[in-house]
Amino acid sequence: MSKEQMDTNRRRTAASRWLFCCMLAMMVCPLNAGVPDDKPKRKATDSRIHLIHSDVLYKTPQDPHAEILVGHVKLSHEGVFLDCDSAKYYRDDNSFDAFGHVVMVQGDTLKLVCDSLYYDGYELMARARSRVTLYHKKSKLVTENLDYDRMYGVGMYLDGGTLYDADNVLVSDWGQYTPATHEAFFTDNVQLTNPKFTLVSDTLYYYTNTEVARIMSPTNITSSDGTFVYGQRGNYDTKRDQAYLFNRSYIIKDMRKIVADSLYANKETGVDEAFGNVIITDDENLCMLKGNYCVYEEETGNAMATDRAVALEYSSPDTLYVHGDTLKMFTFNLNTDSVYRNLHAYNHVRMYRRDAQGVCDSLVTLERDSCTYMYGQPILWNEDQQIFGEEIRIYNNDSTIDWIHVINQAMTIERVDSVSYNQVQSREMFCYFQDGQIEHNEAHGNVYVAYFIDEDDGTRIGMNYTETTKLFMYMKDKKVHKIWMPAATGTTYPDLKIPAERRYLSNFAWFDYIRPLNKDDIFVWRSKDEKNMLKKTEKKYVPLQSLDDLE
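The sections below set out a description of the structure shown in this document.

1. Here's the deal with the overall build of the protein
Scanning the protein for helices and strands turns up three helices and 40 strands. Evaluated residue by residue, the protein yields a buried proportion of 45% over its 551 residues. Looking at the protein alone, contacts between residues at least 24 apart form 38% of all its contacts between residues at least 6 apart.

Okay, structure coming up:
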């Protein structure tokens, strides 16, 4: 067989093998068609890296696949331009290693500077090493090692980095930055430093276009003025110095603390808003304000609470609870030794303390005067004593009741038993206390008295009914010890012969169904029966004379 025939046969055999392989591939491929890969593969690019310039190009036996580029090296790939001192260009692998003064530029907003860089053109991955700086608009990311994924537009560092953005400096052990969305993500020992505050966290998102930090883990924020903020979730606008915090956050300044399910703190206006189970505590003055919505002004110390609002005063062993639809606390001379506060309570006011309870429509407490004013059908209780009138003024001494002034339609009632009550009714009344107990009463103007008389052994003698202009009643061991009054008219009735119209005075009403039973009962409003409502006294004025009247 000739040589030509042998070559022809070999070519026919090779062609037959190639055809057989193609047929086998066609038979196998349909079996796998449509079966998803367990691990989605990265979509690679087929575009080639272009060498634009190099002063010197040569090859070496030590690295036969590399083209050695030296001097003013310039490469490009899909909109990215790279400059360096030298490089190894692997044309077959579509990649290169760049060394010395490496600068990679993408568009007019992104620049990467480092000492060395590996670039994979298929995977669109750049791995920068040593003194790496990523510039994006006004932001700068500095680290030692950075992997920048061009396909997803994400730069990532694993061994510490610092982001500089406006007045903010962010440091963390691990982080990544996405220029397209302006989003930076940091974790492990995160610290954001600003001339106005310092933020420390474990996990944090930061947006360079808005300068907003998104809090994702327990975070501490300390301001330059000493304000401390804690939050677990929320946003902090570093440009406007505003915080939106959730998941039971709190703010502490001096000895005042605000805790709530969610908080909005605005350092520009100095106004803090709190929502859900809010507690404002003033440890210096031993008082507290609660509600489901509260507003606090840092500059003035003023506060407002609504929605199950309650003010607590715990300077004494027994805490006083005051509830109203709306509570407002006004602070004067803040941050001085002469600071004092006034409390205003509006609508459906109820108070509870173990030794005293009260109900009214509105209330004002003046701390400097140690006085509380009760308006709108006010009632006070002290053990078995009940006091009411058109207006009640309570004067305190070291957080305990010192004396009470009842103005217009004043009445004090003491329950003796289920049907018997000692009663004093007058235009105006003064009740003086000693160690939390009534020591003596004074009644002035149109005084009416219905008082039960007992023997020392408790045997009931009868009831004395008296009308006078003035009454002084002194107590001892919670019982009447002495009574003084000027000229009076009265009658003593035997117990079994007390007239029905004398047993109870005209304004008598026992409001036990209204009385707050405990600190939780203050939120349950119960109003007086319509028939027992006091009608406000109308003041009568003498008309002023004029010259025309004299003519």
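2. Overview of the pairing of strand S23 (residues 271-282)
In this structure, strand S21 (residues 256-260) lies alongside S23, joined through four bridges in antiparallel fashion. Looking across to S23, one finds that Ile-258 is bridged to Ile-280. Here strand S22 (residues 262-266) pairs with S23 via five bridges, running antiparallel. The residue of S23 that forms the bridge with Tyr-264 is Glu-273. Counted along the chain from S22 to the antiparallel partner S23, the turn is four residues long, and its residue Gly-270 has a positive phi close to 75 degrees. Inspection of the sheet shows S23 paired to strand S24 (residues 287-297) by ten bridges, in the antiparallel sense. Across the sheet, Val-271 pairs through a bridge with Glu-297, a residue of S24. Between S23 and S24, which pair antiparallel one after the other, the connecting turn spans four residues, and Leu-286 there sits at a positive phi close to 55 degrees.

3. Points about the packing of aromatic side chains
All chains considered together, the criterion is met by 20 aromatic pairs. The interplanar angle of 35 degrees and the centroid separation of 6.2 Å between the aromatic rings of Phe-228 and Tyr-250 together place this pair among those described as tilted. With a gap of 22 residues between them, Phe-228 in strand S17 (residues 228-231) and Tyr-250 in strand S20 (residues 249-253) connect regions that are remote in the sequence. On the basis of an interplanar angle of 50 degrees and a centroid distance of 6.4 Å, the ring pair of Tyr-421 and Tyr-504 is categorised as tilted.

About the thresholds
Residues numbered from 1 in each chain as written. Predicted model: local features only at pLDDT ≥ 70, side-chain atom pairs only at ≥ 80, totals over all residues. Heavy atoms only, no water. Helix = DSSP H or I, 4+ residues; strand = E, 2+ residues; numbered from the N terminus. Buried < 20%, exposed > 50% of the residue type's maximum accessible area, 1.4 Å probe, protein only. Contact = heavy atoms within 4.5 Å. Pairing = 2+ DSSP bridges. Phe/Tyr/Trp six-rings, centres within 6.5 Å; stacked < 30°, edge-to-face > 60°.

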